[in-house]
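# Overview (structure and organization)
As a plain string of letters, each chain reads:
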Amino acid sequence: MDDVIGGVHGTAAAGFEAVRDAFVRNFGERGERGAAVAVYRDGRKVVDLWGGTKDVDGVADGSGTGAEPWEHGTAQIVRSATKGVAAAALLLLHQRGDLDLDAPVGAYWPEFKARGKEHVLVRHVLAHRAGVPALDRPLTPAEALDPDLAAAAVAAQAPFWEPGTGHGYHAHTYGWLTGELVRRVTGRPVGEWIAAEIARPLGLDLWVGLPGAEAARAGRVGRIEPPEAAGGLRVRPKRNVADAYADPASLTRRAFGTIDPTPDENDPAYRAAALPASNGIATADALARFYAALIGEVDGGTRLFTPETAEAARTEASSGPDRVLVVNTRFGLGYMLHGGASPLLGPGSFGHPGRGGALGFADPESGVAFGYVTNGLAKGVTADPRAQALVRAVRSAL
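Everything numeric in this text was worked out from a predicted model, so none of it was measured.

### Description of the pairing of strand β14 (residues 368-374)
In terms of burial, β14 is a largely internal element, 7 of the 7 residues being buried. On β14, burial covers both faces: V368, F370, Y372 and T374 on one face and A369, G371 and V373 on the other are all buried. Where strand β3 (residues 34-41) lies against β14, 7 bridges are found, and the strand directions are antiparallel. Bridged to Y40 within β14 is A369. Following strand β13 (residues 359-363), the chain reverses through 4 residues before pairing antiparallel with β14; G367 in that reversal takes a positive phi of roughly 75°.

Shown next, in the form of structure tokens:
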């Protein structure tokens with residue numbers, strides 16, 4: 001039954017009422033415009049909530065433009081939360097025996113061996129250790145949408161450090177690296193492969209390359225500023241982090257500026273392209289259900305990862321100072337791990353945030369899988385206050 005409390009629709013199972021309360025407070029205290037959250041436990045959905053307007057520029061009382069309400073099937077761009085899906089593609093190919101994580105990337109993609117990258121391993125790509133988080137010449141938005149051109153640019157790039165010796169967040173290039181590996185191994189475009197091998201078997205409303213027939217389901221996204229009275233939840237980065245983002249010559253700025261100018265994320269052409277680092281579009285339920293299938297059966301049926309693959313995904317492969325994010329980060333194979341830079345549910349959790357808000361993760365110890373999507377993109381790469389309020393509520397329910 002669809003309950004309506006504080007303008008929020010959906011249900012929270014007994015014991016998970018705190019998640020509903022936190023979700024309601026996000027609208028009143030943290031500037032939420034439109035959002036949804038879903039939680040699975042042991043493969044069964046226990047939280048399914050949504051509220052606000054479909055478009056970030058909507059007005060909840062029905063006045064003005066963009067007042068269409070957020071509905072149960074509303075989807076949003078999830079930015080880097082897409083990386084968790086891209087990682088699953090490579091890990092599933094490995095699980096099936098089609099991809100060796102310890103093989104050089106150049107074994108599958110010979111052009112990539114250029115300029116000192118012949119020893120980059122597939123696992124280095126997943127753990128952000130490949131050394132190519134940026135390009136000497138940024139791509140235009142039109143160039144970035146051409147998978148052949150973008151892959152060729154990454155293949156021709158000299159590494160910024162000796163691959164495998166350190167890690168740095170590959171904000172955009174991660175998508176071209178993983179996407180080209182999928183194409184080279186399977187012969188199929190990455191978005192098509194994800195649709196056939198991950199989304200359809202699980203019944204996910206999740207796309208990397210939004211089909212025209214589904215375009216009307218995706219709301220408009222945009223930047224928001226949290227209220228000043230958000231109780232200290234406004235993100236204030238340390239000075240060295242702020243300086244790195246402000247310096248056009250820093251690796252931080254160059255990594256996030258690999259596409260220049262910044263693409264319009266509401267552009268239908270951008271949404272229709274397959275950028276597995278940044279432009280996946282999903283419902284909250286799809287994100288949560290995806291992660292539930294990484295750690296167990298969903299609704300008594302399909303699961304994606306074997307226990308061995310799930311363990312590999314969350315085994316620490318990179319930790320310490322991140323050459324791009326300028327903070328200490330922890331990565332497994334394709335997934336951020338619980339830590340100060342990306343707080344999840346507990347020490348064994350693995351998942352991926354999307355810059356500005358979205359978050360998906362799994363916690364095998366508790367059997368919890370979590371998905372949160374929003375149309376209001378706030379400042380900050382990880383640890384969005386709205387998502388963190390919901391994670392704390394989940395933790396309190398266990």
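Now that the structure is up, let's keep going.
### Some words on the pattern of salt bridges
Pairs can form between side chains of opposite charge once their charged atoms are near each other. Per the counting criterion, the structure on display carries 25 salt bridges. Among the salt bridges present, the one from K54 reaches E68, with a minimum N-O distance of 3.7 Å. Here the residue K54 occupies a position in the loop between β4 (44-52) and β5 (76-77), and E68 occupies one in the loop between β4 and β5, the gap between them amounting to 14 residues. Note that E197 is salt-bridged to R188, the shortest N-O span being 3.3 Å. On the accessibility criterion, E197 (21% relative accessible area) is partly exposed. Put simply, E111, D148, E180, R183 and R184 are held in one network by salt bridges that share partners.

### Some points on helix α2 (residues 82-95)
Taking 1.5 Å per residue, 14 residues should reach 20 Å; α2 reaches 20 Å between its end C-alpha atoms and fits that length. Burial within α2 is extensive, with 12 of its 14 residues counted as buried. One or two steps after α2, the chain reaches G97, where phi turns positive at roughly 85°.

### Section: helix α13 (residues 385-397)
End to end, α13 covers 19 Å across 13 residues, agreeing with the expected 18 Å (1.5 Å per residue, within 8%). Among the residues of α13, P385, R386, A387, Q388, A389, L390, V391, A393, V394 and A397 are the ones counted as buried. Between the side-chain oxygen of the N-cap and the backbone nitrogen of R386 there are 2.9 Å, and the N-cap of α13 in question is D384.

### Examining the environment of H128
With respect to the helices and strands, the residue H128 is situated in the loop between α3 (122-126) and α4 (141-144). Look at H128 and you get buried, because its relative accessible area is 0%. Sequence spacing of H128 and D322 is 194 residues, and the spatial spacing of their C-alpha atoms is 9.3 Å.

### A look at the pairing of strand β10 (residues 328-331)
A one-sided burial pattern is seen for β10, the buried positions being T329 and F331 and the unburied ones N328 and R330. Where strand β9 (residues 318-321) lies against β10, 4 bridges are found, and the strand directions are antiparallel. Bridging across to β10, G320 finds its partner in T329. Linkage of β9 to β10, two consecutive antiparallel strands, is achieved through a turn of 6 residues, within which V326 is found at a positive phi near 60°.

### Considering the side chain of R386
Looking at the element boundaries, R386 is found in helix α13. For R386, a relative accessible area of 2% corresponds to the buried category. A polar contact is formed between the side chain of R386 and the backbone oxygen of G376, at a distance of 2.8 Å. Leave out the neighbours within four places in its chain, and R386 touches N26, R30, E32, I224, G356, G357, Y372, T374, G376 and A378.

### Topic: unusual backbone geometry
Residue P261 follows D260 across a cis peptide bond; omega there is 5°. Within the secondary structure, P261 is located in the loop between α9 (251-256) and α10 (268-272). The phi dihedral of R115 is positive, around 60°, even though this residue is not glycine. Its place among the elements puts R115 in the loop between α2 and α3. Residue classification places R115 among the exposed residues on the basis of a relative accessible area of 52%. Backbone geometry at A383 places phi at a positive 55°, although glycine is not the residue there. Tracing the sequence through the fold places A383 in the loop between β15 (376-377) and α13.

### Things to note about the layout of surface pockets
Regions of empty space are outlined by a rolling probe, equal in size to a water molecule, passed over the atoms. Taken as a whole, the largest pocket spans an internal volume of roughly 1,400 Å³. Lining the largest pocket are 44 residues; nearest its centre among them are Y245, F256, R355, G380 and V381. Every element with two or more residues in the lining of the largest pocket is listed here: β7 (222-223), α8 (239-246), α9 and β10. When residues in the lining of the largest pocket are grouped by element, the largest group, 3 residues, is from α8. Its residues assigned to classes, the lining of the largest pocket comprises 21 nonpolar, 13 polar and 10 charged.

### What about the sheet that holds strand β8 (residues 281-282)?
In space, the 3 strands of this open sheet follow the order β5-β8-β6, with antiparallel pairing throughout. This sheet does not close on itself; its edge strands, each paired only once, are β5 and β6 (206-207). Two strands pair when backbone bridges link them, and β5 and β8 are joined in this way by 2 bridges, in the antiparallel orientation. Bridge pairing in β8 links Q76 to A282.

### Observations concerning empty space enclosed by the protein
Scanning all chains against the criterion turns up 4 cavities of 30 Å³ or more. Quantified by volume, the largest cavity comes out at close to 70 Å³. Around the largest cavity, the lining is made up of 16 residues, and of these P353, A358, T382, A383 and D384 lie nearest the centre. In terms of residue class, the lining of the largest cavity is made up of 7 nonpolar, 7 polar and 2 charged. Here the second largest cavity is characterised by a volume of approximately 40 Å³. In terms of lining residues, the second largest cavity is bounded by V78, A81, T82, V85, L206, W207, V208, G280, I281, A282 and L287. Secondary-structure elements contributing two or more residues to the lining of the second largest cavity are α2, β6 and β8. Considering only residue class, the lining of the second largest cavity consists of 9 nonpolar, 2 polar and no charged.

Criteria and cut-off values
- Residues numbered from 1 in each chain as written.
- Predicted model: local features only at pLDDT ≥ 70, side-chain atom pairs only at ≥ 80, totals over all residues.
- Heavy atoms only, no water.
- Buried < 20%, exposed > 50% of the residue type's maximum accessible area, 1.4 Å probe, protein only.
- Helix = DSSP H or I, 4+ residues; strand = E, 2+ residues; numbered from the N terminus.
- Pairing = 2+ DSSP bridges.
- Salt bridge = Lys/Arg side-chain N within 4 Å of Asp/Glu carboxyl O.
- Expected span 1.5 Å × (residues − 1).
- Polar contact = N/O pair within 3.5 Å; in protein donor to acceptor, adjacent residues only side chain to side chain.
- Contact = heavy atoms within 4.5 Å.
- 1 Å grid on protein atoms, 1.4 Å probe; cavity = no way out; pocket = protein on both sides within 12 Å on 5 of 7 lines; lining within 4 Å.
- Points joined across faces, edges and corners; volume = space filled by probe spheres on them.
- Nonpolar A, V, L, I, M, F, W, Y, C, P; charged D, E, K, R; others polar.

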